[in-house]
Amino acid sequence: MKKEPIKIKEKEASERSANFEEVVLGYSEEEALEEASRCLQCKNPACSSGCPVGIDIKKFIAAIVRKDYKSAYFTIREKNDFPSMCGRVCPAEYQCRKACVLTKKGSPFASEQAINIHFLERFVGDYGMKNNLKILASSEEKSAKLKVAVVGSGPAGLCCAGELARKGIKVVIFESLHQSGGVLRYGIPPFRLPRDILDYEINYLQNLGVEIIPNYIIGKIKTLDELFSEGFTHIFLGLGAGVPAFLGVEGENLCNIYSVNEFLTRINLMSAYKFPEFHTPINVGRHIVIIGGGNTAMDAARSALRLQKLKGILHDTTIIYRRTEVEMPARRLEIEHAKEEGVKFEFLVQPLGFSGNEEGFVKKIRCLRCRLGEPDSSGRRRPVPIEGSDFEMDCDLAVIAIGLQANQVLTSVTPQLKTDKYFDVVVDPKTMETSMARVFAGGDIVGGEGTVIEAMGMAKIAAKAILA
Ligand code: FAD
Ligand code: SF4
């Protein structure tokens, strides 16, 4: 008899949307066993080909079925350093679950019947944390000869540092912010990724001997050449894509219009989510409009709604997106969660401009309705504006979440570092080495906005090349 997928337990929408505590509660052991037992143990498993780092999914699921959670953990750790984090944030519906044989052919994302690989990964990752399972450092002869500087402490930098430190290599991470983790710290809110998980992984690296120097901008305080002359033998750049894109429409400079980076940084890194314990300066409107359709837009909307509730302000949070829900790049789970929590969606709507009051604060957003046209270069159907369909919405706070780009702080002072037209660093994909010898790069600074697991995959390639 066909077994039905085991649903993950979640907090009730009305309860969870008034705080920043984790929403998804994870599988119990019984639930994980039930879900794992649905796996067909395919002869040629497609799931692993959908995983950007090629985890042996069939093998770790088989280990769960045998209740050998330790072996399941180490199977995942062969390819993925942060299973608890990836089990929470990976867009599995576009990756391993989409490739699972139980997904209907031609579906734009995983079918419901596909094995919940990410929830099983989270179960195993959390088991590893609770039982303090670790991959210990090995010390090889060449380790003493290498000293690596990692620039940026996002998933790419952390992963590269871990790979090298485990081989006994001295690694120093330079991070421009006062806390480490990159987007995992300042972007993804704690209701999706609790901070104790991130802290656990960072502590593990520090215990391996990785030194983290915060508040240190490479390109301003020191150049890459200076790092080399101080004795670093190799450098890894995990700079991310931290510069927000804007709409370029009238009124975008009005007060209370935030870039998604600033909005989420104030909430996550500057602790506005801990209100009333922290009184971080951040405005919260009654009519909040978020523009965009990716994870950043979902995070901004769900955080805005929580702040409204925490501060007792009548709420009305709307996402406007110029295509339809099917084309939204955000994780399906986040879209569902946002809807359940009360975020409204206006699809096929494009912003035209903002207007404000005499004091310069935004009050209205002017929009145009669209229809879907032919697919564009991304393969997604293009939004075509419908003439004469303009309308206005109340808007006393807006967040622009339409994309992120490379920052040029380091690349602009390092002409030897080849970049492309988007200012992303150009690498040899086989080694992740840049145009500068012994300088490697990975994550969002290569190829633009991606995912946590893709950033880690690139970091692993670079670490291997550094060790070669
Ligand atoms: P980052 O995480 O951006 O880290 C780069 C770090 O480098 C930063 O800490 C920065 O301060 C530091 N830095 C930059 N320049 C310098 C310098 N010159 N000197 C010193 N330090 C420097 N992906 C998913 O897989 N699932 C999700 O659910 C998801 N949600 C997301 C939500 C948001 C709000 C955002 C913004 C992104 C999300 N992503 C998600 C994408 C994912 O977070 C990124 O692909 C990933 O973080 C990229 O990792 P990275 O290490 O390349 O860069
Ligand atoms: Fe199991 Fe799906 Fe992978 Fe087959 S493709 S082994 S059913 S997870």
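What counts, and at which threshold
- Residues numbered from 1 in each chain as written.
- Chains lettered and ligands numbered in written order.
- Predicted model: local features only at pLDDT ≥ 70, side-chain atom pairs only at ≥ 80, totals over all residues.
- Heavy atoms only, no water.
- Axes fitted to C-alpha atoms, helices over the stretch in contact; angles between N-to-C directions.
- Helix = DSSP H or I, 4+ residues; strand = E, 2+ residues; numbered from the N terminus.
- Parallel < 35°, antiparallel > 145°, perpendicular 65-115°, else oblique.
- Left-handed = near helix turned anticlockwise from the far one by under 90°.
- Contact = heavy atoms within 4.5 Å.
- Nonpolar A, V, L, I, M, F, W, Y, C, P; charged D, E, K, R; others polar.
- Buried < 20%, exposed > 50% of the residue type's maximum accessible area, 1.4 Å probe, protein only.
- Salt bridge = Lys/Arg side-chain N within 4 Å of Asp/Glu carboxyl O.
- Pairing = 2+ DSSP bridges.
- Phe/Tyr/Trp six-rings, centres within 6.5 Å; stacked < 30°, edge-to-face > 60°.
- Lys NZ or Arg CZ within 6 Å of the ring centre and 35° of its normal.

Some words on the packing of helix α14 (residues 295–310) against helix α15 (residues 332–341)
(1) Moving on: Relative orientation of the contacting elements α14 and α15 amounts to 25 degrees, with a least axis distance of 10 Å. Taken as axis vectors, α14 and α15 run roughly parallel relative to one another. The chirality of how α14 crosses α15 is left-handed. Here N295, M298, R302, L305 and R306 of α14 come into contact with α15, specifically with E334, I335, H337, A338 and E341.
(2) Moving on: Grouping the amino acids of the contact of α14 with α15 by side-chain chemistry returns four nonpolar, two polar and four charged.

Here we look at unusual backbone geometry
(1) Moving on: In this structure, the amide linkage connecting F275 to the following residue, P276, adopts the cis form with an omega of 5 degrees.
(2) Moving on: Of note, P276 is situated in the loop between α13 (260–268) and β9 (288–291).
(3) Moving on: A positive phi angle, near 65 degrees, is found at S271, a position not held by glycine.
(4) Moving on: Looking at the element boundaries, S271 is found in the loop between α13 and β9.
(5) Moving on: S271 sits in the buried class, given a relative accessible area of 9%.
(6) Moving on: If you check the backbone angles, M432 has positive phi at about 65 degrees while not being a glycine.
(7) Moving on: On the accessibility criterion, M432 (4% relative accessible area) is buried.

Some thoughts on the pattern of salt bridges
(1) Moving on: Scanning the model with the defined rule gives 29 salt bridges in all.
(2) Moving on: Between K170 and E211 there is a salt bridge, with its nearest N and O atoms 3.5 Å apart. Taken together, the residues K170 in strand β4 (residues 170–174) and E211 in strand β5 (residues 211–213) connect sequence positions 41 residues apart.
(3) Moving on: Residue K170 is classed as partly exposed on the basis of its relative accessible area of 34%.

Looking at the pairing of strand β16 (residues 397–400)
(1) Moving on: With burial as the criterion, each face of β16 is covered, one bearing L397 and V399 and the other bearing A398 and I400.
(2) Moving on: Examined bridge by bridge, β9 and β16 share four bridges and lie parallel to one another. Bridged to V289 within β16 is A398.

As for the packing of aromatic side chains
(1) Moving on: According to the stated counting rule, one finds eleven aromatic pairs in the structure shown.
(2) Moving on: Note on F20 and F191: the rings are 5.9 Å apart at their centroids and 45 degrees apart in plane angle, and the pair reads as tilted. Here F20, found in the loop between α1 (13–16) and β2 (24–26), pairs with F191, found in the loop between α10 (183–186) and α11 (195–207); they are 171 residues apart in sequence, far enough to count as distant.
(3) Moving on: Through successive ring pairs, a cluster of aromatic residues spans F20, F191 and Y273.
(4) Moving on: Lying over the aromatic face of F228, R438 brings its terminal NZ or CZ to 4.6 Å of the ring centre.

Distances and angles like these do not, on their own, reveal function.
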